[in-house]
Amino acid sequence: MDSARIEVVPVLADIGRVNTLFAVETEPPGPGWRPLGDAGPGTLATEVDRVRATLAGFAGVPVEAVEWRVGASIFQQGLATRLSSPVLAAALCHGAALRVEAFHWDPARRGPVALRTRQRWAERMGTGPAEAAGHLVTTVLEGVLEPVAAGLAEVGRVAPGLLRGNTASALAGAARSLGLDRPGVRAAAEEVVRLVGARPPLVGTGSYGGLDAQGAAVFRRTTCCLYYRVPGSGYCGDCALTAPGRGRADRP
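Structural notes, computed from the coordinates. Within each chain, residues carry numbers counting from 1 in the order of the written sequence. Only residues with pLDDT of at least 70 get local features here, since the model is predicted, and only at 80 or more are side-chain atom pairs given and counted; chain-wide, interface and lining totals rely on the full set of residues. Computation of side-chain values: all heavy atoms of the structure, hydrogens and water removed.

### Describing the pairing of strand S7 (residues 206-211)
Part 1 of the argument: Taken together, the 4 bridges between S7 and strand S8 (residues 217-221) define a ladder with antiparallel strand orientation. Bridge assignment links Gly-206 to a residue of S8, and that residue is Arg-221.
Part 2 of the argument: Strand pairing is defined by DSSP finding a minimum of two bridges between the two strands. Going along the chain from the N terminus, every DSSP run of H or I of four or more residues is numbered as a helix, and every run of E of two or more is numbered as a strand. From the end of S7 to the start of S8, which pair antiparallel, there are 5 residues, and Gly-215 there has a positive phi angle of about 85 degrees.

### Some points on the pattern of salt bridges
Part 1 of the argument: By salt bridge we mean one thing: a side-chain nitrogen of Lys or Arg within 4 Å of a carboxyl oxygen of Asp or Glu. Evaluation of the coordinates by the stated rule reveals 12 salt bridges.
Part 2 of the argument: Linking Glu-47 and Arg-50 is a salt bridge whose minimum nitrogen-to-oxygen distance equals 2.9 Å. Of this pair, Glu-47 and Arg-50 both sit in helix H2 (residues 41-59), 3 residues apart, roughly one helical turn. Per residue, the accessibility class of Glu-47 equals that of Arg-50, and both read buried. Relative accessibility decides the category of a residue: with a 1.4 Å probe and only protein chains considered, values under 20% of the type maximum give buried, values over 50% give exposed, and everything between is partly exposed.

### Points about the nonpolar core
Part 1 of the argument: In these notes, a set of buried Ala, Val, Leu, Ile, Met, Phe, Trp, Tyr and Cys residues joined through side-chain atoms within 4.5 Å is what counts as a nonpolar core. In this structure, Leu-83, Leu-88, Leu-152 and Leu-178 are the most contacted members of the largest nonpolar core, which totals 76 residues.
Part 2 of the argument: A total of 14 residues in this core trace back to one element, the largest contributor, which is helix H3 (residues 68-94).
Part 3 of the argument: Contacts are assigned to residue pairs that have any heavy atoms within 4.5 Å of one another. Apart from the residues within four sequence positions on either side, Leu-178 is in contact with Val-18, Phe-22, Leu-88, Ala-89, Leu-92, Cys-93, Val-185 and Ala-189.

### Brief notes about H2
Part 1 of the argument: With 19 residues, H2 ought to run about 27 Å at 1.5 Å a step, and its terminal C-alpha atoms sit 27 Å apart, in line with that.
Part 2 of the argument: By the burial criterion, the buried members of H2 are Thr-43, Leu-44, Ala-45, Glu-47, Val-48, Arg-50, Val-51, Arg-52, Leu-55 and Ala-56.
Part 3 of the argument: Summarising the contacts, the buried residues of H2 are in contact with strand S2 (34-35), H3, strand S4 (103-105) and helix H4 (129-155).
Part 4 of the argument: Gly-60 occupies a position one or two residues after H2 and carries a positive phi of about 70 degrees. By this rule the span expected of a helix is its residue count minus one, scaled by 1.5 Å.

### Structural notes on the state of the cysteines
Disulfide: a covalent bond formed between the sulfur atoms of two cysteine residues.
Part 1 of the argument: The disulfide definition used here is simple: a pair of cysteine sulfur atoms within 2.5 Å. Counted according to the given criterion, the structure contains 0 disulfides.
Part 2 of the argument: Free cysteine Cys-224: the closest other cysteine sulfur is in Cys-239, separated by 3.6 Å.

### Remarks on the pairing of strand S6 (residues 121-124)
Part 1 of the argument: Bridge count between strand S1 (residues 5-7) and S6: 3 bridges; the pairing is antiparallel. Bridge pairing links Glu-7 to Trp-121 in S6.
Part 2 of the argument: With 2 bridges joining them, strand S3 (residues 96-97) and S6 adopt antiparallel strand pairing. Opposite Ala-97, over in S6, you have Glu-123 as the bridge partner.

### Some remarks on the sheet that holds S1
Part 1 of the argument: A sheet is described by the order of its strands in space; here 3 strands give the open sequence S1-S6-S3, paired in antiparallel fashion. The open sheet has two free edges, formed respectively by S1 and S3, since each of these has just one partner strand.

Printed below as a string of structure tokens:
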């Protein structure tokens, strides 16, 4: 047995119990499944249009009523959540370094982004916040989300700062969900958010302030994901634009 490596399948079985956003399938990627790193501008444009159609369906409006940059923002934040959640949980709960470059997705599959991985063994890492933060920056932010942001910029206009705010919000949401399900790692998960937010490229994208009724730290971002621009929607709980009298909305 190699003490420097951890078997991935049991790790994924455990963290997948947190909620569906932490799930990574271990079936071999079949026809149509592609490495995340292969998502070029054409694939990204198709995904943005799919998200726009979904948002328009929820709102009961034509697709044209949902701006392209809104669809791009919501797609990127969803992707950031799907990547950050399992990587964070595997690191803090098991000391396992999941490799995002081994993740595959099926762009034609309906619904939330589903992930599969070919990885069967993960490098063993410390379970402390510093190790997890460094791994998240390297594999999630630099490995996928920054290239995705660049690809989206090739297709249409969407502010890089907005997308980085989405990433910070997604990571904070993942930390909150993990902490509520696994109270023993709550403090460590919130510290990961602080550490990642203090490093490029997320410096200045958000911060914690106070606790909610469940004892979790309350995150507030400095930008807005633009969901409020979908007809009939509202403002998200961590939005920089949230003010008294404005309604909170949960993204579909």
